[in-house]
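Coordinate inspection notes
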Amino acid sequence: MEDSYKAKGLRRKLVAILKQKGIVHPGVIAAIEKIPRHFFLDNAFIEHAYEDKAFPIGEGQTISQPYTVAFQTELLAPKPGSKVLEIGTGSGYQACVLVEMGVQLFTMEYNRALYDKTRKRLPKMGYQPIFKHGDGSLGWPLHAPFDGIIVTAGAPVVPQALKEQLKVGGRLVIPVGDSQVQKMLCITRLNKNDYQTKEFDNFSFVPLLGKQGWKK
Ligand code: SAH
């Protein structure tokens, strides 16, 4: 698959829409303007790749809406060179946005078929995060602590394991709620025992499964 002038033009329009919706982070905007989102979609949806919408990616999962990706990444505000853990690799689009921003990315996916597909796709596009198949609700202790953790599936509660794997000063961005609607939380680790939680808008994600997520 190739990028095209048409796709580039559509990305510029998408970025303009995201700015209208309040996205300001230059790194987030540059990444979304650069990454060919149509590479991540099944043929049936390619025509719609630059609409601000979520789409099915198989296995009952979705690629998040660009606004959602932008909003979560802006809250995470990762610095180049920082160490970030993503839970829910899915199509790999959010992962590419983070790699494009210069982070050292670790990304976990629970669904074996999606893990296999995306682990092959991203390096071909020039993106090389570190992949793991497993339950991300428990984090990735081997590589902890992280400067940032971003959860791209809806959690019933904030998994304790993820809070514990943050560096002091690190941020956890996670949607928490019921199966229909979740509130976006940005949790900052202040010191060993204390965390500050800020609440943002409502979103609707596929469920975070696993030990500290929803039961299958
Ligand atoms: N960031 C993705 C969004 C994918 S949707 C993208 O840009 O396309 C959320 C993903 O979370 C799904 O692929 C789902 O399989 C995965 N998921 C659900 N529970 C998980 C868990 N406990 N650990 C890791 N991944 C999980």
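I will try to describe carefully the structure that is included in this document.

Thresholds applied
- Each chain has its residues counted from 1, following the order in which its sequence is written.
- Under the rules for a predicted model, residues below a pLDDT of 70 receive no local features and side-chain atom pairs below 80 are neither given nor counted, while totals for whole chains, interfaces and linings still include all residues.
- No hydrogens and no water enter the side-chain calculation; it runs on all heavy atoms of the structure.
- Here, strands pair whenever DSSP counts at least two bridges between them.
- What counts as a helix is a DSSP run of H or I of at least four residues, what counts as a strand is a run of E of at least two, and both are numbered from the N terminus.
- Interaxial angles span 0 to 180 degrees and are taken between N-to-C directions of axes, which are lines fitted to C-alpha atoms, for helices over the stretch in contact.
- Here the term cavity refers to a set of points on a 1 Å grid, laid over the protein atoms alone, in which a 1.4 Å probe fits but cannot get out; the term pocket refers to an open set having protein on both sides within 12 Å along at least five of seven lines, with lining residues being those that place an atom within 4 Å of a point.
- Grid points are joined across faces, edges and corners, and a volume is the space filled by probe spheres set on the points.
- Identification of polar contacts relies on pairs of N or O atoms within 3.5 Å, with a donor-acceptor requirement for protein atoms, meaning one able to donate a hydrogen and the other able to accept it, and with residues adjacent in sequence counted only if both atoms are side-chain atoms.
- Only Phe, Tyr and Trp rings are paired, with Trp represented by its six-membered ring, and only when their centres lie within 6.5 Å; those with planes under 30 degrees apart are stacked, over 60 edge-to-face, the remainder tilted.
- Buried residues are those whose accessible area, probed at 1.4 Å on protein chains only, stays under 20% of the maximum for their type, while exposed residues exceed 50% and partly exposed ones sit between those limits.
- The rule is short: NZ of Lys or CZ of Arg within 6 Å of the ring centre and within 35 degrees of the ring normal puts a charge over the ring.
- To estimate the expected span of a helix, count its residues, drop one, and scale the result by 1.5 Å.
- This arc is built from the directions going out from the helix axis to the C-beta atoms.
- The contact rule is simple, with two residues in contact once any of their heavy atoms fall within 4.5 Å.
- When we say a residue is near a molecule or strand, we mean one of its heavy atoms is within 4 Å of it.
- Surface accessibility follows the Shrake-Rupley procedure with a 1.4 Å probe radius. Residue values consider only the protein chains on display as shielding.

Taking strand neighbours across the sheet as the criterion, the seven strands line up as β5-β4-β3-β6-β7-β8-β9 in an open arrangement whose pairing is mixed. The open sheet terminates on both sides in strands that have one partner only, identified here as β5 (130–133) and β9 (195–203). Strand-to-strand twist in this sheet, taken as the mean axis angle between neighbours without regard to direction, amounts to 15°.

Let us look at empty space enclosed by the protein. Applying the stated criterion to the full structure yields one cavity of 30 Å³ or more. Among the elements that take part in the lining of the largest cavity, helix α5 (residues 112–124) stands out by supplying four residues, more than any other.

Here we take up the side chain of Q182. Locating Q182 in the fold gives a position in strand β8 (residues 182–189). Separated by 3.0 Å, the side chain of Q182 and the backbone oxygen of D178 make a polar contact.

Per the counting criterion, the structure on display carries nine aromatic pairs. Ring centres 6.4 Å apart and planes at 20° place the aromatic pair Y67 and F203 in the stacked group. With Y67 in helix α3 (residues 66–76) and F203 in strand β9, this residue pair connects regions lying 136 residues apart in the sequence. Note on accessibility: Y67 and F203 belong to one class, buried. Judged by centre distance (6.3 Å) and plane angle (50°), the ring pair of F203 and F205 falls under tilted. By the burial criterion, F203 is buried, and F205 matches it. Among the aromatic residues, those joined into a cluster by ring pairs are Y67, F71, F200, F203 and F205. Lying across the ring of Y5, K8 places its NZ or CZ 5.3 Å from the centre. We note K83 situated over the ring of F146; from NZ or CZ to the ring centre the distance is 5.7 Å.

We now examine helix α1 (residues 5–20). Here α1 is 16 residues long and its end C-alpha atoms lie 23 Å apart, about the 22 Å a rise of 1.5 Å per residue gives. Residues of α1 that are buried: A7, R11, L14, V15 and L18. The buried residues of α1 occupy one face: seen down the axis, they fall within an arc of 100°. Residues of α1 that are exposed and point over 90 degrees away from its buried face: Y5, K6, R12, K13 and Q20. Of the surrounding secondary structure, the elements contacted by the buried residues of α1 are α2 (26–34) and α3. Looking one or two residues beyond α1, the residue adopting positive phi is G22, at roughly 110°.

Here the focus is the site of the ligand. As a structural note, the neighbourhood of the ligand is formed by 28 residues, with S91, E109, D135, G136 and L209 the closest of them. Here an oxygen atom of the ligand and a backbone polar atom of Q94 are 3.1 Å apart. In the environment of the ligand, a nitrogen atom lies 3.1 Å from a nitrogen or oxygen atom belonging to the side chain of T152. Coverage of the ligand by the protein chains reaches 99% of its 580 Å² of free accessible surface.

Glancing now at unusual backbone geometry. Across the junction of A144 and P145, the peptide omega takes the value 5°, indicating a cis bond. Residue E59 is not a glycine yet carries a positive backbone phi of 60°. Here E59 lies in the loop between β1 (55–58) and β2 (61–63). One non-glycine residue, A77, lies in positive phi territory at about 45°. Following the sequence through the fold, A77 ends up in the loop between α3 and β3 (83–87). With a relative accessible area of 28%, A77 lands in the partly exposed category.

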